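Breakdown of the fold
Here is what each chain is made of, one letter per residue.
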Amino acid sequence: MIVIAGLTKKYGDLQALAGVDLQVDRGELFALLGPNGAGKTTMVRIMTGLTRRDGGTVLLGGLDIAAQPAAAKRQVGLVPQVVNLDTELTVYQNLDLHGRFFFMPAADRRARIAELLAYVELGDRAATPVKQLSGGMKRRLLIVRAMMHRPGILFMDEPTVGLDAAIRRRIWSIIRRIQGEGTTIFLTTHYIEEAEYLAGRVAFIDRGRIVTVDRPDRLVQRMGAWAVDYLVDNELRTECFPDREAARQAAAAVAGRVTIRRVNLEDAFLALTGRKVAGEA
Ligand code: ATP
């Protein structure tokens, strides 16, 4: 459904994307995981026609975004990282405007808006100005706005950034439902748990390069099962072990504070890039 080959982008001297190749299957929920500045937003912006690429090709549903930009774009919905709703307009008006933009007939727009607002439990907010919504409500509205014209591919750029844990889980269940209905989802995140919980496959991106692509459980298994965290000269060290007993024995040999926990995607990312997803190296 998405085929990316040799994608490059420079901002001045900065190589934001250094030759990205990726393929996403129809109906897949694919996550691009990487730290701030890795190139995630740049990729999404190129694929949704908001930023020009320097080189490489992108096919969306078989359509080349360079050769058939308008047709390619019609297949795509975008949930941007920054909430860009029209805050003076109502919930209904924001969705209606989006539908008009895609030339949806009036009756279809009305029916689709009712359906989508029910979907994210905002049915009683149709007449509310967006500026009166909570942060979580705005995020839900952003998601259904992107779905208004029934795109086959949904790009979600950090869809839960800045939200608290309970609202994040609610958004996750909405994302799962959308995928369950057959939509292909391409999601960027720097939240480990988000990628682990949602994605069928994850690509690690670091400094504009794809480091690896695999199922989250396989990426974790490559590291082992249990991790031991401890401090050496106030610096956090982590070692991974195949079983809990090995981790327990290693922990017993460490002086000072030590934690035993499950291996996660952060450990895999750190091992492959030398950097943490959540912070700087
Ligand atoms: P974040 O999660 O913080 O949005 P990201 O992985 O999405 O990070 P990008 O926003 O794609 O990363 O940025 C990749 C690199 O390109 C960064 O070093 C960023 O500073 C730089 N960059 C992004 N947009 C521009 C721009 N318009 N002009 C110059 N540099 C840019």
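Residues numbered from 1 in each chain as written. Predicted model: local features only at pLDDT ≥ 70, side-chain atom pairs only at ≥ 80, totals over all residues. Heavy atoms only, no water.

Time to look at the nonpolar core. By size, the foremost hydrophobic cluster in this structure holds 48 residues, and its most contacted members are L141, V202 and L265. Here this core takes seven residues from helix α5 (residues 135–147), the largest share from any one element. Residues lining this core come from more than one domain, with at least three contributed by each of domain 1 (2–218) and domain 2 (225–273). Setting aside anything within four residues of it in sequence, one finds L265 in contact with L33, I192, A195, E196, V202, F204, P216, L219 and V220. Counting residues in hydrophobic clusters, the runner-up holds 26 residues, among them L22, V44, A203 and I205. (Core = buried A, V, L, I, M, F, W, Y, C linked by side-chain atoms within 4.5 Å. Buried < 20%, exposed > 50% of the residue type's maximum accessible area, 1.4 Å probe, protein only. Helix = DSSP H or I, 4+ residues; strand = E, 2+ residues; numbered from the N terminus. Domains from an automatic or database assignment. Contact = heavy atoms within 4.5 Å.)

Frequently, the measure chosen for interface size is the accessible area that the parts lose on association. Taken domain by domain, the chain comprises domain 1 (2–218) and domain 2 (225–273). Carbon and sulfur atoms make up 83% of the area that domain 1 and domain 2 hide from each other, which totals about 780 Å². Across the contact surface, domain 1 and domain 2 share zero salt bridges. Where domain 1 touches domain 2, the interface holds one residue pair in polar contact (both at pLDDT 80 or more). Elements supplying a minimum of two residues to the side of domain 1 that touches domain 2: α7 (192–198), β9 (201–206) and β10 (209–214). Looking at the side of domain 1 that touches domain 2, its residues break down into nine nonpolar, two polar and two charged. (Buried area = accessible area lost by both parts, 1.4 Å probe. Salt bridge = Lys/Arg side-chain N within 4 Å of Asp/Glu carboxyl O. Polar contact = N/O pair within 3.5 Å; in protein donor to acceptor, adjacent residues only side chain to side chain. Nonpolar A, V, L, I, M, F, W, Y, C, P; charged D, E, K, R; others polar.)

Attention now goes to the layout of surface pockets. Computed from the structure, the largest pocket encloses a volume of approximately 420 Å³. Forming the boundary of the largest pocket are 18 residues, of which L78, H98, F101, F102 and R145 lie nearest the centre. Residues belonging to the lining of the largest pocket are distributed by class as follows: nine nonpolar, six polar and three charged. Looking at the second largest pocket, its volume works out to about 260 Å³. Around the second largest pocket, the lining comprises 14 residues; the ones closest to its centre are I46, G49, I65, A66 and P69. When residues of the lining of the second largest pocket are traced back to their parent elements, those giving at least two are α1 (40–47) and α2 (69–74). Of the residues contributing to the lining of the second largest pocket, the split by class is eight nonpolar, three polar and three charged. (1 Å grid on protein atoms, 1.4 Å probe; cavity = no way out; pocket = protein on both sides within 12 Å on 5 of 7 lines; lining within 4 Å. Points joined across faces, edges and corners; volume = space filled by probe spheres on them.)

On to the pairing of strand β7 (residues 153–157). Two faces belong to every sheet, and in a regular strand the side chains alternate between them. Counted residue by residue, β7 has five buried out of five residues, so it is predominantly covered. The side-chain alternation of β7 yields two buried faces, one formed by I153, F155 and D157 and the other by L154 and M156. Two strands pair when backbone bridges link them, and β7 and strand β8 (residues 184–189) are joined in this way by five bridges, in the parallel orientation. Paired with L154 across the strands is I185, a residue of β8. Remark: the β7/helix α6 (residues 165–180)/β8 crossover connection has right-handed handedness. (Pairing = 2+ DSSP bridges. Right-handed = clockwise from strand over helix to strand, strands pointing away.)

Moving on: the packing of aromatic side chains. Within this structure, the stated rule accounts for five aromatic pairs. Geometrically, the ring pair formed by F101 and F102 is edge-to-face, given 5.4 Å between the ring centres and 80 degrees between the ring planes. Its relative accessible area of 59% is what places F101 among the exposed residues. Taken together, the ring pairs in this structure connect F30, F155 and F186 into an aromatic cluster. Over the ring of Y197 we find R169; its NZ or CZ atom is 5.5 Å from the centre of that ring. Its guanidinium or amino end placed over the ring of Y197, R176 lies 4.3 Å from that ring's centre, counting from NZ or CZ. (Phe/Tyr/Trp six-rings, centres within 6.5 Å; stacked < 30°, edge-to-face > 60°. Lys NZ or Arg CZ within 6 Å of the ring centre and 35° of its normal.)

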